[in-house]
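Listed here are the chains, written in short residue letters.
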Amino acid sequence: MRAVLRTVDRVLLGLVGLVLLALGGSVLAIGFGAPAPSWWIHDGPHDVLLGDAERTRWRDAGWWWPVVIAALAVLLLLALWWLVAVVRRRRLAEVLVDTGDGEGAALRGRALEAVLAQEADRVDGVERAKVRLIGRRTAPATRIRLLLAPHVDPGTVLNDLTAHALTHARASANLENLPAEVHLRAVKHGAERVN
C-alpha cells in the first residue's frame, strides 16, 4: 500500500511541477515579448492577470469573499497536510528501552533494524532480508521483507524467524511484544531441465 501511495505522490508532484513550469515559463516568455497564442489569457507583456472588470465583478455579492476565503483555506490545509505527509518520518528513529531503574535508555532504530536483518539473513532459506521499524518509540513494530530461496517452505522460514530473530530482538530491547508484518517473496529462477 505504501508503494502505491509513494507512486501516487510522485505522479501528483510531477504533474503539479509540469503545470507550474509550463504556466510560469509561458508567462515569462510572453513577458519578454514572445507572441501569445490566441487561446492564451494574456494579450501581451503589459496585460494584467485580473483586469478591473474581472476583479470587481462579484464585489457586491455577499457570498463571494467568504467562498473565496474558504476555498483558499481548504487549499492551504490540503497543501499543509500533503507537506506533513511527505516530510513525516516513516522509519522509527529510536526505541525506548526500560532499564528497570526508572530512567530508560534510547536504542537507535537503525541498529535494531541492522541486527534483525542480520539474524533474518541467517535463517535457512532466506536470500536477503530488509527490516524497517515503525510505530512509536514506546511500542515499536517491524516490517520485514524476506527474499526466499527456491523450494523453501515459507511456514518453516516464518517459524524460524519468529523463534530466533524476533524473540532475540524483543528480549534485547526488553519489550513486552514486538509485532511484525512479514512479506515473503521467492527468488525468480529459470526452469529446470530434466534429462
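Up top is the structure.
None of these values were measured; they are calculated from a predicted model.

Enquirer: Looking at this structure, how should I read the sheet that holds strand S5 (residues 180–186)?
Expert: Within a sheet, neighbouring strands are paired by backbone hydrogen bonds and run either parallel or antiparallel to one another. Reading across from one edge, S3-S4-S5 is the order of the three strands in this open sheet, with mixed pairing throughout. Of all the strands in the sheet, just strand S3 (126–135) and S5 have a single pairing partner and so form its edges. The sheet shows a mean angle of 15° between the axes of neighbouring strands, direction not considered. As judged from the nine bridges shared by S3 and strand S4 (residues 140–148), these two strands associate in the antiparallel manner. Opposite lysine 130, over in S4, you have arginine 145 as the bridge partner. Against the sheet, helix H4 (residues 109–121) makes contact with S3 and S4, and its axis sits at roughly 150° relative to S3, the strand it touches most. Each of S3, S4 and S5 is contacted by helix H5 (residues 154–172), which is oriented at about 140° to S4, the strand it contacts most.

Enquirer: Can you walk me through the nonpolar core in this structure?
Expert: For soluble globular proteins, the rule of thumb is that nonpolar side chains tend to be buried together. Formed by 23 residues in total, the largest nonpolar core has its most connected members in Val126, Leu146 and Leu161. Taken together, the elements giving at least two residues each to this core come down to strand S1 (94–97), H4, S3, S4 and H5. Of the residues forming this core, the biggest block, five residues, is contributed by H5. Residues contacting valine 126, with those up to four places away along its chain left out, are Ala120, Asp121, Leu146, Leu147, Leu148 and Val157.

Enquirer: How should I be thinking about the packing of aromatic side chains in this particular structure?
Expert: Think of a pair of aromatic rings as described by two things: how far the centres are apart, and how the planes are tilted against each other in angle. Going through the model one piece at a time under the given rule, you end up with one aromatic pair. For the pair tryptophan 63 and tryptophan 64, a centre-to-centre distance of 5.8 Å together with 80° between the ring planes defines the contact as edge-to-face. On the basis of relative accessible area, tryptophan 63 is assigned to the partly exposed category, the value being 46%.

Enquirer: Looking at this structure, how should I read the pattern of salt bridges?
Expert: Opposite charge on two side chains permits pairing when their charged atoms draw close. Tallied over the full model, the rule gives two salt bridges. Between glutamate 94 and arginine 137 there is a salt bridge, with its nearest N and O atoms 2.4 Å apart. A residue pair is termed long-range when its members are at least 10 positions apart, and glutamate 94 in strand S1 and arginine 137 in the loop between S3 and S4 qualify at 43 residues. Between arginine 143 and glutamate 181 there is a salt bridge, and its shortest N-O distance comes to 3.6 Å.

Cut-off values and rules
Residues numbered from 1 in each chain as written. Predicted model: local features only at pLDDT ≥ 70, side-chain atom pairs only at ≥ 80, totals over all residues. Heavy atoms only, no water. Pairing = 2+ DSSP bridges. Helix = DSSP H or I, 4+ residues; strand = E, 2+ residues; numbered from the N terminus. Axes fitted to C-alpha atoms, helices over the stretch in contact; angles between N-to-C directions. Contact = heavy atoms within 4.5 Å. Core = buried A, V, L, I, M, F, W, Y, C linked by side-chain atoms within 4.5 Å. Buried < 20%, exposed > 50% of the residue type's maximum accessible area, 1.4 Å probe, protein only. Phe/Tyr/Trp six-rings, centres within 6.5 Å; stacked < 30°, edge-to-face > 60°. Salt bridge = Lys/Arg side-chain N within 4 Å of Asp/Glu carboxyl O.

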